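Each chain, written out:
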Amino acid sequence: GPHAFAKQYPLRLILLSPSPGLPTFRNSSLPYTRRPMHLTQLASLATTAFLAASLPTPSSAYVPSSRSALASRRRRSPLVSPPSARRASAVEASLRDDAGDVANTATPRSPSVIETYFAAFNDRDYDAALACFAEDVSYHDTIFPDPFDGKEAMREHLAKTALRLPDSFVFVVDDLAVERDPGTGREVKVGTRWHVESDGKDLPFARGASFYTVDLASGLIASGFDVPEPAVVKPGYSTLTLLAVASQVVAEPARAVPWLVWGAYMYVVFFSDGILPGANALALEPRTWEEVRDLSLNFFLVSPALHLPFSPVVHPMLEGIFNLLLSWAALFAGFLSDDREDKPNVLPMLPAVAGMQFLTSAFLLPYLATRFPEEGGPTYREDLPPVHGALGESRLLGPVLGGVGAASIYWGLFARPEFGDFATRYASLGELLSIDRVGSSFVVDLVIFGLFQGWLVDDDLRRRGVEEGDMGALKFVAKYIPFFGLVAYLVGRPALPSRKELD
């Protein structure tokens, strides 16, 4: 810590003297007020605690002022809005004008470029924040393996960060240490000490220090170096994602429900012994994997219906449950419009829907817990990625998957006559489930799907321009009638509006 600081910023930041050109120290809460700083205090700038491994400076801290503001900014691409661009030009011109003035005193006539950067970032004006950097800036945020070299790299970094941090996080600068050029009085090096607050309260382990060099000619930031608590692994944006998830639960406690269910599900289905029948997943029981293989070969009943030679014989009721479950999971593709460029979620939905074909609730529940709510106006078909629009908005999705689900039920009741009548096959299914971890986990999945199938309906109707109190019957069916209610919803819901139709 202190040794690294002394090596990076030798002598000139350590020598304290009233002579012109040597460092000026001040508290940012008392503008331009001198405050003596002892060497040990200065050295402690480099040893400030870990900012949740991912919030070193505004360049990696997105702090929306409100949820509605967050939604509105997500509806336009960050760093490209014309008003922000105009402000950015004004900020950059102002900084260059300041750099051109000669200051004969240690007291600056305007805020440091670092303070201007922080202020613009905390206003969520990313263009103005970006205008504080020189074109060839090199910024090293030490939670990332490589520095961000060049203004375009910083632009991309700010845009990615803006989508990952929670609404309530506020970046607060505690102190600045400024070194000025002896001849001109312009700042050339700046050290900062900062912390992060959430809803006005300090976050634990959320402090750090940053160091900047400023281009003497332009007055823009030439380099930056962030010092959070070091980590063995460079987590990058993954820790920002974890912070976003934690903040969502704090802001909306209902999000804890799918998380709690997911934790219980993962433990009970994959790791527990004695709660569900059969061996846990870590036992790698051969019979379990053979059953998974056989059910997969009979996916959507295609192989047994066509009497393909490689189709294995499986208990028809277990086949029916398996294929009903997978068709139910695929119905969630009807909500792909929930995840798009102007409303990116913590976890993307298309991979989640694909993963549900393999691990069902293990993918569904985290998506429900981490998605952002729909807060804007209607969503237009043109705003969707091609796959999301073609698959999620297809009028065939509900009928086709509803047909697969109905066929699965029929198959379980009547197919494979060698398994006997309903009473016989039902009794044999009970015997199978009493020793079978895979089959019993399917039953758990069916219950979870029934409980959570309606979580996306309200926002989906909002995207389609449906008012809160309208289409109450369809909404009720979608939320409270398992499987077939969701099929009916996908068939009966209105289509997304189109800009072409409006024109």
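What counts and how
Counting restarts for each chain: residues are numbered from 1 in the order of the written sequence. Local features in this predicted model are restricted to residues of pLDDT 70 or higher, and side-chain atom pairs are both shown and tallied only at a pLDDT of 80 or more, whereas totals for entire chains, interfaces and linings draw on every residue. Side-chain numbers here rest on the full set of heavy atoms in the structure, without hydrogens or water. We count a stretch as a helix when DSSP gives it H or I for four or more residues in a row; a strand needs E for two or more, and each element gets its number in order from the N terminus. A 1.4 Å probe rolled over the protein chains alone gives each residue an accessible area, and that area as a share of the maximum for its type sets the label: buried under 20%, exposed over 50%, partly exposed in between. Contacts: residue pairs with any heavy atoms within 4.5 Å of one another. All accessibility values rest on the Shrake-Rupley procedure with a 1.4 Å probe; residue burial counts only the protein chains present in the view. Whether two strands pair comes down to DSSP finding at least two bridges between them. Here a patch means residues that are over 30% exposed by relative accessible area and free of salt bridges, tied together within 9 Å if like-charged and within 5 Å if nonpolar (Val, Leu, Ile, Met, Phe, Trp, Tyr). By salt bridge we mean one thing: a side-chain nitrogen of Lys or Arg within 4 Å of a carboxyl oxygen of Asp or Glu.

> Got a minute to help me understand the overall build of the protein in this structure?
A tally of regular secondary structure across the protein gives 22 helices and seven strands. Per-residue burial over the protein gives 51% buried out of 503 residues. Sequence-distant contacts, at least 24 apart, represent 73% of the contacts inside the protein between residues at least 6 apart. Summing over all exposed atoms, the protein offers an accessible surface of approximately 22,800 Å²; the carbon and sulfur share of this is 65%.

> How should I be thinking about the pairing of strand β7 (residues 221-227) in this particular structure?
Consecutive side chains along a regular strand alternate between the two faces of the sheet. Here strand β2 (residues 133-141) pairs with β7 via five bridges, running parallel. From the neighbouring strand, H140 faces β7, where its bridge partner is F225. One ladder, built from six bridges, connects strand β6 (residues 201-214) with β7; its direction is antiparallel. Residue pairing across strands places V214 opposite I221, the latter belonging to β7. Linking β6 back to β7 in an antiparallel pair, the connection comprises six residues, with G219 at a positive phi of about 75 degrees.

> What is the right way to read the environment of F422 from this model?
Relative to the helices and strands, F422 resides in helix α17 (residues 422-433). Expressed as a C-alpha distance, the spacing of F422 and G412, which sit 10 residues apart in the sequence, is 9.0 Å. In contact with F422, other than residues within four places in its own chain, are M317 and L413.

> What exactly am I supposed to notice about a nonpolar patch on the surface here?
Together, Y267, F271, I275 and L282 line one region of the surface with nonpolar side chains, adding up to about 450 Å² of accessible area. Along the chain, Y267 falls in helix α9 (residues 256-271). Look at Y267 and you get partly exposed, because its relative accessible area is 48%.

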